[in-house]
Amino acid sequence: MHTITLIPGDGIGPEVIEATRRVLEATGVSIAWDVRHAGEAVMAQEGTPLPQAVLDAIKKNRVALKGPITTPVGHGFRSVNVALRKELDLYANLRPCKSYPGVPARYTDVDLVVVRENTEDLYAGVEHMVGEDAAESIKIITRRGSERIVRFAFEFALREGRRKVTAVHKANIMKCTDGLFLSVARHVAAQYPSIEFEDMIVDAMCMKLVQSPHQYDVLVMPNLYGDIISDLCSGLVGGLGMAPGANIGEGIAVFEPVHGSAPRRAGQNMANPTATMLSGILMLKYIGETEAALRMEQAIAAVLRDGKAVTYDLGGTATTSGFADAVIERLT
Ligand code: NAI
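The structure contained in this document is the topic of the report that follows. (Residues numbered from 1 in each chain as written. Predicted model: local features only at pLDDT ≥ 70, side-chain atom pairs only at ≥ 80, totals over all residues. Heavy atoms only, no water.)

On to the side chain of D178. By the element assignment, D178 lies in helix α6 (residues 177-189). A polar contact of 2.8 Å, which involves the side chain of D178, links it to the backbone nitrogen of K170. Polar contacts involving the side chain of D178 include one to the side chain of Y225, which spans 2.6 Å. (Helix = DSSP H or I, 4+ residues; strand = E, 2+ residues; numbered from the N terminus. Polar contact = N/O pair within 3.5 Å; in protein donor to acceptor, adjacent residues only side chain to side chain.)

Structural data, given as structure tokens:
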């Protein structure tokens, strides 16, 4: 029996999480869910969008499955998602992007993984106004932060039998911060001679990913580039409804889709739960349930290939729960 923290989130979160929970249970893996709430509604009741009890529950269970949580833009509380990653030191954000037959997309043969640093960079949100008419944000890159994320990318590549790691940066302009990231990446790469290594400037990377994504395998980069590039990559394989994610630290992990809470679609049973289900598969692998993970992926792939029970974003008319029903029917 695995005890796993379940955070439904808000917007479309509760719907995609419920669909995923049902499929995970249908695999036969024994899971006790420790359901915890965070976000805007909790803020109204408890004065904080991320109560300490939620953090404590994740720390205790060591594994969580999470739906997206809305962040107010330009004002209000800081992102719960960013706070969670920082508080639990979930330094590695793993975002696989894979083509599935049947899913309308520009390419049919993409299989790459974005490894995004999750705790530093401009994303740390260290910013302030300078008087009324200027603002400053501080980009923080450390040797330790860079070393552990690049090492994570190489260890992941070794474990998963992948052939190449590409470090993405803008070291030609940001010579100190991205320069440090790149020099650490080169140093770590030298310790993994069996894996090909290259580096690429982030703007050129965007162009090459759009033109020929199959050239790439594992991409490792600082936080902000990872945020942007991973959405670009999801667009190569059918959009945000297809992009899973994992936030991983030392012996602790939170699994969540790349997409946000899509407030306009909330409560309509419309959202594509595939990204959350694929995040659930990453979770099954993480807790050692590899056989169930494989069966669940095969069932999802079969439903996508059929194309009869897919959601609006993939050109279908199925509901979120209808997609889950179809996947459960296909589970062997
Ligand atoms: P979003 O990812 O929620 O939506 C972007 C577009 O993709 C929308 O058109 C939406 O309808 C569509 N979309 C997203 N997920 C979908 C799905 N599963 N099925 C079908 N269509 C889907 O991004 P947006 O609008 O920028 O952010 C909305 C809120 O979510 C914001 O408050 C943001 O801060 C938050 N957010 C939370 C994240 C998290 O909890 N990890 C990650 C990203 C954003």
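So, about helix α11 (residues 320-330). All of the buried residues in α11 are T320, F323, A324, A326 and V327. All buried residues of α11 lie within an arc of 160° about the axis, which places them on one face of the element. Buried positions along α11 lie against α1 (13-26), α9 (274-286) and α10 (290-306). (Buried < 20%, exposed > 50% of the residue type's maximum accessible area, 1.4 Å probe, protein only. Arc of directions from axis to C-beta. Contact = heavy atoms within 4.5 Å.)

Tallied over the full model, the rule gives 20 salt bridges. Across the salt bridge formed by D217 and R163, the nearest N and O atoms sit 3.8 Å from each other. Residue D217 is located in the loop between α7 (202-211) and β10 (218-221), and its partner R163 is located in the loop between α5 (143-159) and β8 (164-169); the two are separated by 54 residues in the primary sequence. On the basis of relative accessible area, D217 is assigned to the buried category, the value being 5%. What makes R163 partly exposed here is its relative accessible area of 44%. Between R330 and D306 there is a salt bridge; the shortest N-O distance is 2.5 Å. Within this pair, whereas R330 is found in helix α11, its partner D306 is found in helix α10, the two being separated by 24 residues in sequence. On the basis of relative accessible area, R330 is assigned to the partly exposed category, the value being 37%. (Salt bridge = Lys/Arg side-chain N within 4 Å of Asp/Glu carboxyl O.)

Our focus in this paragraph is the site of the ligand. Surveying the vicinity of the ligand reveals 21 residues, the closest of which are I69, T71, G260, A262 and Y312. Backbone polar atom of I69 to an oxygen atom of the ligand: 2.8 Å apart, as the coordinates give it. When the ligand is considered free in solution it has 810 Å² of accessible area, and contact with the protein chains removes 69% of it. When the residues that make up the shell around the ligand are grouped by side-chain class, the tally is 9 nonpolar, 7 polar and 5 charged. (Near = heavy atom within 4 Å. Areas by Shrake-Rupley, 256 points an atom, 1.4 Å probe, with all protein chains shown as cover. Nonpolar A, V, L, I, M, F, W, Y, C, P; charged D, E, K, R; others polar.)

As a further point, take the environment of V165. If you trace the backbone, V165 turns up in strand β8. Taking the C-alpha atoms as reference, V165 lies 6.5 Å from D217; in sequence the two are 52 residues apart. Setting aside anything within four residues of it in sequence, one finds V165 in contact with A153, F154, A157, I195, E196, F197, E198, V218 and V220.

On to the sheet that holds strand β4 (residues 92-98), then. Sheet architecture is open: 10 strands sit in the order β2-β1-β3-β12-β11-β4-β5-β10-β8-β9, paired in mixed fashion. Looking at the sheet topology across the chains shown, the edges are occupied by β2 (31-35) and β9 (196-201). Geometrically, the sheet is characterised by an average inter-axis angle of 25° between neighbouring strands, direction not taken into account. Sheet topology places β4 next to strand β5 (residues 111-117); 7 bridges connect them, and they run antiparallel. Paired with R95 across the bridge in β5 is V114. The strands that helix α3 (residues 52-61) touches are β1 (2-7), β2, β3 (63-66) and β12 (253-255); relative to β1, the one it contacts most, it runs at about 155°. (Pairing = 2+ DSSP bridges. Axes fitted to C-alpha atoms, helices over the stretch in contact; angles between N-to-C directions.)

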